[in-house]
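Each chain, letter by letter, is given below.
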Amino acid sequence: MQQGRFYMVMSGIAAFVLLFMLAGCGETVAPKLDNPYDPESSSYERFPELSTLVVTQVSTTEAQSGGSFDTDYGSDVQSKGVCWAEQGASSGLPVVGGNCTDEGGGFDAFVSVMTGLDPGVSYVVRSYATNSDGTVYGAEREFVTLAVYGLSVTVDGGGSVTPVSGEYDEGKEVALTAQALDGWRFVEWEGDVAGTSSTDNPLVVTMDGDKSVTAVFEEIPVYTLTTNVEGSGSVS
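So, here's what we can say about the structure. Bear in mind the structure is a predicted one, so any value in this text is a computation, not a measurement.

1. Some points on the overall build of the protein chain
Within the protein chain, the regular secondary structure consists of one helix and 15 strands. Restricting the contact set of the protein chain to residue pairs at least 6 apart, pairs at least 24 apart contribute 61%. Roughly 15000 Å² of accessible area belongs to the protein chain as shown, and the carbon and sulfur atoms make up 52% of that amount.

In structure tokens form, the structure reads like this:
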């Protein structure tokens, strides 16, 4: 009888110890407070969130973009900037290690100038930020650099035109001035002069494509006047 009581007591103690251990285990795996800034939190965010700025100041070889931080989660940013690549490039989206700027560390908004671009090419750009955990990217933005067009200027007759033939950035307005030689006069322009008067001098040509323009001159006619005197007198 005593042996049975002893067994019941021991069984009760064992059950109590088991419950205590289970309770203790439950406390050690309980999640910590929800805090995205605390590396020990279950909801800790390793990377900040950033946006890519609109592309501006686009020229034939340069363009401007940048980034701004929507959150400052994670460890301090060590480097930030923008990366770009030609649209449809076999290498895929632009990444760090390719064509990128480096605007230093910190969570401040930044502006970057992309240089060494090719005229008339479609590009994709996105911002980036790197911290001790890795690199995060902003959304992609697309843009097209300005093209370069050729202007061919020729002369028909006695005269000249300034400026002469050359290459100009897309959208550039070029003022052509015709100058006749002695004994000649300017008549008109021929070629790519749609939307303007063919007799305007100077002529403004907008470079939205390759253009060819000819200045036409004609010789001023020279007539002979013959006078005769009949009787006593003279003509002057």
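There's more to say after this.
2. Observations regarding the packing of aromatic side chains
To describe a pair of aromatic rings, you give the distance between the ring centres and the angle between the ring planes. Enumeration according to the criterion identifies four aromatic pairs in this entry. Ring centres of Phe186 and Trp189 lie 5.3 Å apart, and the angle between their planes is 55°; this geometry places the pair in the tilted category. Overall, Trp189 belongs to the buried group, its relative accessible area being 2%. With a centroid separation of 5.8 Å and an interplanar angle of 70°, the aromatic rings of Phe186 and Phe217 are classed as edge-to-face. With Phe186 in strand β13 (residues 184–191) and Phe217 in strand β15 (residues 211–219), this residue pair connects regions lying 31 residues apart in the sequence. For the pair shown, Phe186 and Phe217 are each scored as buried. Among the aromatic residues, ring-to-ring pairing joins Phe186, Trp189 and Phe217 into one connected group. Stacked on the ring of Tyr137, the Lys or Arg Arg126 has its end atom at 3.9 Å from the ring centre.

3. As for the state of the cysteines
One pass over the structure, following the stated rule, counts one disulfide. The side chain of Cys83 participates in a disulfide bridge whose partner is Cys100; the two sulfur atoms lie 2.1 Å from each other. Between Cys83 and Cys100 the sulfur-sulfur dihedral comes to about 105°; the bridge is accordingly right-handed. With Cys83 in strand β3 (residues 79–86) and Cys100 in strand β4 (residues 99–100), this residue pair connects regions lying 17 residues apart in the sequence. According to the relative accessible area criterion, Cys100 is partly exposed, its value standing at 27%.

4. Things to note about the sheet that holds strand β9 (residues 148–156)
Across the sheet, four strands lie side by side as β11-β9-β15-β13; this open sheet has mixed pairing. Each of the sheet's edge strands pairs with one partner strand only, and the pair in question is β11 (166–169) and β13. Averaged over all pairs of adjacent strands, the angle between their axes in this sheet comes to 25°, without regard to strand direction.

5. A short note on the pairing of strand β7 (residues 134–137)
In this structure, strand β6 (residues 122–131) lies alongside β7, joined through four bridges in antiparallel fashion. Within β7, the position partnered with Thr130 by the bridge is Thr135. Counting the residues in the hairpin turn of β6 and β7 gives two residues.

6. A look at the side chain of Lys80
With respect to the helices, strands and loops of the structure, Lys80 is situated in strand β3. No salt bridge is formed by the buried Lys80. Its closest oppositely charged neighbour is Asp108, at 5.1 Å. A distance of 3.2 Å separates a polar side-chain atom of Lys80 from the backbone oxygen of Gly106. Setting aside chain neighbours within four positions, we find Lys80 in contact with Phe69, Thr101, Asp102, Glu103, Gly104, Gly105, Gly106, Phe107, Asp108, Phe110, Tyr128 and Ala129.

Cut-offs applied
Residues numbered from 1 in each chain as written. Predicted model: local features only at pLDDT ≥ 70, side-chain atom pairs only at ≥ 80, totals over all residues. Heavy atoms only, no water. Helix = DSSP H or I, 4+ residues; strand = E, 2+ residues; numbered from the N terminus. Contact = heavy atoms within 4.5 Å. Areas by Shrake-Rupley, 256 points an atom, 1.4 Å probe, with all protein chains shown as cover. Phe/Tyr/Trp six-rings, centres within 6.5 Å; stacked < 30°, edge-to-face > 60°. Buried < 20%, exposed > 50% of the residue type's maximum accessible area, 1.4 Å probe, protein only. Lys NZ or Arg CZ within 6 Å of the ring centre and 35° of its normal. Disulfide = S-S within 2.5 Å. Pairing = 2+ DSSP bridges. Axes fitted to C-alpha atoms, helices over the stretch in contact; angles between N-to-C directions. Lys, Arg positive; Asp, Glu negative; His and termini not counted. Salt bridge = Lys/Arg side-chain N within 4 Å of Asp/Glu carboxyl O. Polar contact = N/O pair within 3.5 Å; in protein donor to acceptor, adjacent residues only side chain to side chain.

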